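Observations on the three-dimensional arrangement
The lines below spell out each chain.
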Amino acid sequence: MTVMQAPAYRRAEYHGFAAGGSDFVYLVSAGAIFEIDAQVQAVLDRLDGQELSHAALVRELAGEEGDLAEAEALVRELRAVQLIHLGAAPVSVPEAPPADFPLQALVLNITNQCNLACTYCYEFGADKIATPAGKPKYMTLETAKASVDLLIAEAAHRPSVHITFFGGETLMNFKLLRDVVDYANGATAAAGKGITYSLTTNATLLTPEIVTFLSDNRVGVTVSMDGPPELQDKHRVYKNGKGSYAVIEPRLRTLIAHHRTRAVTARVTLTEGVTDVVRIFRHLKDDLGFHEVGFAPVTTGETRAYSIDADGMDYVLAEFNLLAREWLENALRGQVHGFTNVSETISELISGVNKSHPCGAGMGLMGVSPSGDLSPCHRFTDADTHVMGHVSSGIDRAKQGDFLSRGHVGAKYDCQSCWARPLCAGGCHHEAFVRYGDTGHANLHYCDWIRQWTDTCLHIYGELAVKNPGFLEHFAERKGLS
C-alpha cells in the first residue's frame, strides 16, 4: 500500500530587508511589503532550505511548553497572506490585462522635426528605428482631431484622459498644440470626461507667450536637459555643433518663474562623461529651480562613444544612492526633495504595483506619428515595423495582442527567478528592441542594477514606515492628485 505524504510548507518568494530597526519582507506574488516580528521571522528561518508539514511546523514553533493554538494561528495567518504555502507553488506572475483594456493616454508626436541634433537621439541617431522618409513632417489638425476622437472612444468608462505632446521638438508645431488643446477641451467636456496635458521640450523655442499658454491650460512641462553648460553642450547641440545651454538658460528661468499651475521637471539622459548625478541635480534643482529632476541612462544597441560602461553604471548607482539618502532625510522631516527616480519607485511601492508589463505602452498608452500611425509608445513613432493601426481606422488588435503577449513578464524566462519583477517586468520595450531585436526580451544588462536600486528604495520605504508613516500617506495623496 502506498503511503501518501502530507504536503509540506515552503517559504514564498520574497525579498527580506531591515530598515528603521524593523524587519520587512517584500512579497513577490503580491508586490506587497510586510513588517514582520520575531515570531514570523522564526517561521521563515525554519523553512530556510527545508520543508515541514503543518504538524511539524506547529510543533517546532510551539516548543515543548509553548502554546500550540497560538502557533497554529500564526501558521494559518502566514499562509493566508501567502508568505508560506503548502507544496510547490507555480511562479507567480500577474494576469494579462483584458483585450479591451481601455486607452487612457496618447502621445502625439506633432512633428518629427527638431532644431537640435543631439548625438544620442533615439529617433534619428545611430540606433534609430524610425523610418520617416516620405512621411509628413508635421501633424495636421485633421489627424490630431482624429487622435482625440479615438482616445475618447477607446477610453470607455475612464473619467479622464491624458495627452502628451511630443516631437522632434514639440514647440516647432506650437500652433497645432494650441488648437488641439482647444478642440480636446470641448470634445472631452461633451463626452463627460476630464483631460490633462503634458509636453516634452528642449526649451530652445520657449517664449513668454508660450509659457503663459502652458500655465493657463495646466500643461505639465518636462524639459530634456543634461545639466550645467559643459555637460548640456556635450551632446545637446545644434546642427552646426554649437551647444544649446546659453540659449535655453534664460528661457528656463522664465518658464519656471511663470508656470504656476503644474510642476516643471527636468529629464536627464546620462551618457559617458555625463554621469555626475549629484552635481547635475544640484544645478537643475537648486540653481535653475526645477521642481523635480529624473535621470535615465542612454538607450543604445551596442557600444557607442556615448555609452556608459559597467564601471560608469556602478558610479551612477553610487550617485543615485547619495541622492536617495537626501530624499529620505527630507522625507523624515516631511519635506519634498525632487529626485524623481526615488519618488516614482516609492509611489509604485505604496500602490503595491505588480506589473504584467513594464509600462502602459500598447495598452493604456499609445503613440501617434505625424501621419496618424499608431505605435506602442512615442519611442516607436514612425517605425514601420511597429505600426499598430491608424487613428482613422482604429487599433490593430492582432498586432496589439502580439506585442502585449510577447511583452508580458510571464513570457520572459529570465524574469521568473527575479524578486524585483513586480516593479520592473523586464524593462523598456524600446530598449529591448534596440539592444536585442525583440520588444519582449528582458533587459538583462540592467538586472543587477535594478535589483540594487529597488532594494535602496525598499529601505527608504521601510525607514519612513517606521519613523514617519504620515509622509507616505501624504505622498500617496499628492501623487494621486498630480
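Residues numbered from 1 in each chain as written. Predicted model: local features only at pLDDT ≥ 70, side-chain atom pairs only at ≥ 80, totals over all residues. Heavy atoms only, no water.

1. Examining the pairing of strand 8 (residues 160–166)
With six of its seven residues buried, strand 8 lies for the most part within the structure. Across five bridges, strand 7 (residues 105–109) lies against strand 8 in parallel orientation. The partner of Leu108 across the bridge, within strand 8, is Phe165. Crossover handedness for the path strand 8 to helix 5 (residues 174–190) to strand 9 (residues 194–201): right-handed. (Buried < 20%, exposed > 50% of the residue type's maximum accessible area, 1.4 Å probe, protein only. Helix = DSSP H or I, 4+ residues; strand = E, 2+ residues; numbered from the N terminus. Pairing = 2+ DSSP bridges. Right-handed = clockwise from strand over helix to strand, strands pointing away.)

2. A short note on the state of the cysteines
Within the structure shown, the criterion is met by zero disulfides. Lacking any disulfide linkage, Cys424 is separated from the closest cysteine sulfur, that of Cys415, by 6.2 Å. (Disulfide = S-S within 2.5 Å.)

3. Some remarks on the packing of helix 1 (residues 38–46) against helix 3 (residues 68–80)
The contact between helix 1 and helix 3 brings their axes to 11 Å, and the two run at 75°. The orientation of helix 1 with respect to helix 3, classified from their angle, is roughly perpendicular. Residues Gln39, Val40 and Val43 of helix 1 lie in contact with helix 3, whose contacting residues are Glu70, Leu74 and Leu78. Taken together, the residues that form the contact of helix 1 with helix 3 break down as four nonpolar, one polar and one charged. (Axes fitted to C-alpha atoms, helices over the stretch in contact; angles between N-to-C directions. Parallel < 35°, antiparallel > 145°, perpendicular 65-115°, else oblique. Contact = heavy atoms within 4.5 Å. Nonpolar A, V, L, I, M, F, W, Y, C, P; charged D, E, K, R; others polar.)

4. Concerning helix 15 (residues 447–467)
Along its 21 residues, helix 15 runs 30 Å from first to last C-alpha, staying within 8% of the 30 Å computed at 1.5 Å per residue. For helix 15, the set of buried residues is Trp449, Trp453, Thr454, Thr456, Cys457, Leu458, Ile460, Tyr461, Gly462, Glu463 and Leu464. (Expected span 1.5 Å × (residues − 1).)

5. Details of a negative patch on the surface
A contiguous patch of negative charge on the surface is contributed by Asp23, Glu35, Asp37 and Glu77. Position of Asp23 relative to the elements: it lies in strand 3 (residues 22–27). Look at Asp23 and you get partly exposed, because its relative accessible area is 36%. (Patch = residues over 30% accessible without salt bridge, like charges linked within 9 Å, V, L, I, M, F, W, Y side chains within 5 Å. Areas by Shrake-Rupley, 256 points an atom, 1.4 Å probe, with all protein chains shown as cover. Salt bridge = Lys/Arg side-chain N within 4 Å of Asp/Glu carboxyl O. Lys, Arg positive; Asp, Glu negative; His and termini not counted. Charge placed at Lys NZ, Arg CZ, Asp CG, Glu CD.)

6. A word on the pattern of salt bridges
Going through the model one piece at a time under the given rule, you end up with 17 salt bridges. The salt bridge involving Asp384 is made with Lys135; its shortest N-O contact spans 2.4 Å. Here Asp384 is found in the loop between strand 14 (374–375) and strand 15 (389–390), whereas its partner Lys135 is found in the loop between strand 7 and helix 4 (141–154), with 249 residues between them in sequence. Residue classification places Asp384 among the partly exposed residues on the basis of a relative accessible area of 46%. Between Arg279 and Glu230 there is a salt bridge whose closest N-O contact spans 1.9 Å. In this pair, Arg279 sits in helix 9 (residues 277–287) while Glu230 sits in helix 7 (residues 229–235), placing the two residues 49 residues apart along the sequence. Looking at Glu230, the relative accessible area reads 44%, which means it is partly exposed. Through salt bridges with shared partners, a single network forms among Glu230, Asp276 and Arg279.

7. A short note on unusual backbone geometry
As a rule of thumb, non-glycine residues mostly have phi less than zero, and peptide bonds are mostly trans rather than cis. Cis geometry marks the peptide bond from Gly167 to Gly168, where omega comes out at 25°. Positionally, Gly168 belongs in the loop between strand 8 and helix 5. Within the chain, Ala156 stands out as a residue other than glycine whose phi angle is a positive 50°. Tracing the chain through its elements places Ala156 in the loop between helix 4 and strand 8. Ala156 gets classed as partly exposed once you look at its relative accessible area, which sits at 43%. Backbone geometry places Asp382, a non-glycine residue, at a positive phi of 65°. In this fold, Asp382 is placed in the loop between strand 14 and strand 15.

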